[in-house]
Amino acid sequence: MPIDKTLVRKIAKDISVSLLLYVLPVAVLFAYFALKGETPWVNNTHAPAAVNVPAALKFLAPVFKNIQSWGFIVIALVLGAAEFALGLYDNKWTKSERTIDIVCFLAPKLLLPPVTAYFSLKLLPWLLPGLANQFSWVPFWAGFFIIAVADDLTQYWYHRLHHQLPFLWRFHRTHHSAPYMGMAMASRQNFIYTLFFSQIYLTATLVYLGLGFPALFVTVIKSFITLSAHSGIPWDKPFYKYRVLHPVAWVLERLISTPATHQSHHADTVDGVGNYKGNFGNMFFLWDVIFKTGIITRKYPKTFGIKFYKQEEWYAQFLWPIFKSKKPGSELAANGPEVGDEIQKNSI
Amino acid sequence: MAAIRRGRLNKNDAMIFNDVTILSKKILVGFLIYLIPLAIVAGGLWLLRVLLTR
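Predicted model, so just to flag it, every value in this text is computed and none were measured. (Residues numbered from 1 in each chain as written. Chains lettered and ligands numbered in written order. Predicted model: local features only at pLDDT ≥ 70, side-chain atom pairs only at ≥ 80, totals over all residues.)

Colleague: How should I be thinking about the overall build of chain B in this particular structure?
Modeller: Helix and strand counts for chain B come out as two helices and zero strands. Going through the 54 residues of chain B one by one, you find that 19% of them count as buried. (Helix = DSSP H or I, 4+ residues; strand = E, 2+ residues; numbered from the N terminus. Buried ≥ 20, exposed ≤ 12 C-beta atoms within 10 Å, placed from the backbone.)

Here is the structure:
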């Protein structure tokens, strides 16, 4: 499936802007040290970066560690139960969808930690010997800014390219095949898509280089935002309803992903409310604002999913192209069509 | 192979060369998306240290 040349030019232009965005936090840190005349790396003992942080953050660290390890599982289960109680899944959570959601929720939690642990504890020390905690002199605020931009902008590109490059689409299709929004589908991904998440390895490398403490805070805040953006509960509605909250809403919907902007990304139409060909942001929606890939409507789509969905088997959705679907004409079948994230013309 | 014998999978379901190509291209794209920001951030912090130490 050929890629539109205009799109290639737009991607190239946006990548150039992104390179500057990656530099930005480091440039701010440079200006800060230059103005203050500080050189904290001199005589730096390469101690972990938690040494010079405020006491409040040290107090919060174990809380965040617990949230990261098991807290999100509990939060997802509680929120999911609330969504069911509110009837947000209608009768769409069929046996087939249930199986995919449960496999995608559980399997990566068992299979991914050994991979990331091997990468962090074995591969990085082997590839970058002697560089552990090399940048532990970076102040917490700067580390937070660096990781937030590096991690989330990287995920934005990983996500955007899986939509815009047709040969990548089928690795991300599983996340969009759910005909509903909510905790049930928040973790629903093809395992190969999850396994090669670039930002996981980028952040792990920056942790190895000494930015572990800020990374803990960024990853927990990011998980809260992405999880809540996938929720079927429109928690952002009051911000649009009450006039007094409009200034907050204006900032919020441009800065982070909300149910309104992210549900739009999961809609099965492009009708002014649905925008599955945009709204790619995960933690920050700001990237969509900068690259003009997002729409903000303060409305919620009526239907979700993909028009080419054939209720493919869970194993094909979880592990394509290792396992293929038997459904005739499916994108995930052997020799299935490569349609990208296009929608059927009669659905527009 | 056992699954193929039992009739759960047929030979058409197995990974073919085209799948390996797509998978390799996918891993390459992911690797570049990892490496470019890493080079900018780590290289930037290294350069900051070098320039301000002078």
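Colleague: Just to check I follow, could you spell out the packing of helix α1 (residues 5-36) of chain A against helix α2 (residues 17-53) of chain B for this structure?
Modeller: Each packed pair of helices is defined by two parameters, the angle between the axes and the distance between the axes. One way to put it is that α1(A) packs onto α2(B) with a least axis distance of 9 Å and a crossing angle of 20°. One way to sum up the angle between α1(A) and α2(B) is to call them roughly parallel. Crossing angle aside, the handedness with which α1(A) passes α2(B) is right-handed. Contacts between α1(A) and α2(B) involve Leu19(A), Tyr22(A), Val23(A), Val26(A), Leu29(A), Phe30(A), Phe33(A) and Ala34(A) from the former and Pro37(B), Ile40(B), Val41(B), Gly44(B), Leu45(B), Leu48(B) and Leu52(B) from the latter. (Axes fitted to C-alpha atoms, helices over the stretch in contact; angles between N-to-C directions. Parallel < 35°, antiparallel > 145°, perpendicular 65-115°, else oblique. Left-handed = near helix turned anticlockwise from the far one by under 90°. Contact = placed C-beta atoms within 7 Å.)

Colleague: Could you clarify how one ought to interpret helix α3 (residues 95-127) of chain A in this entry?
Modeller: An α-helical segment advances 3.6 residues per turn. Residues three or four places apart therefore align on the same side. All names here are of chain A. Across its 33 residues, α3 extends 45 Å between first and last C-alpha, which sits within 8% of the 48 Å expected from 1.5 Å per residue. Within α3, the axis deviates most sharply at phenylalanine 119, by approximately 35°. Among all positions of α3, only Glu97, Ile100, Asp101 and Cys104 are buried. Those residues of α3 that are buried lie in contact with α6 (183-186) and α13 (314-319). (Expected span 1.5 Å × (residues − 1). Bend = angle between axes of the 7 residues up to and from the residue.)

Colleague: I would appreciate a short explanation of the nonpolar core in the present structure.
Modeller: One recurring pattern in soluble globular proteins is that nonpolar side chains are buried together. Within the largest apolar cluster, 57 residues are counted, with the highest numbers of intra-cluster contacts made by Ile146(A), Ile147(A), Ala150(A), Leu206(A), Leu211(A) and Val41(B). Counting residues per element, this core draws most heavily on helix α8 (residues 198-230) of chain A, at 16 residues. If you look at the next biggest cluster of nonpolar residues, it comprises 13 residues, including Leu79(A), Leu88(A), Ala184(A) and Ala186(A). (Core = buried A, V, L, I, M, F, W, Y, C linked by C-beta atoms within 7 Å.)

Colleague: Explanation requested: helix α11 (residues 259-266) of chain A in the structure shown.
Modeller: Residue and element names in this part refer to chain A. Counting buried residues in α11 gives seven out of eight residues, a clear majority hidden from the surface. Listed as buried for α11 are Ala260, Thr261, His262, Gln263, Ser264, His265 and His266. Each element contacted by the buried residues of α11 is listed here: α5 (166-176), α8 and α10 (246-255).

Colleague: Where do I start with unusual backbone geometry in this structure?
Modeller: It is generally the case that most residues other than glycine have a negative phi and that most peptide bonds are trans. Residues and elements named next belong to chain A. The omega torsion of the bond from tryptophan 320 to proline 321 falls at 5°, within 30 degrees of zero and hence cis. Residue placement: proline 321 occurs in the segment after α13. One non-glycine residue, lysine 292, lies in positive phi territory at about 55°. Tracing the sequence through the fold places lysine 292 in the loop between α12 (286-290) and α13. C-beta crowding within 10 Å serves as the criterion here: with 10 such atoms nearby, lysine 292 is assigned to the exposed category. In this structure, glutamine 311 takes a positive phi of about 45° despite not being glycine. Checked against the element boundaries, glutamine 311 lands in the loop between α12 and α13. Judged by local crowding, glutamine 311 falls into the partly exposed class, with 14 C-beta atoms found within 10 Å.

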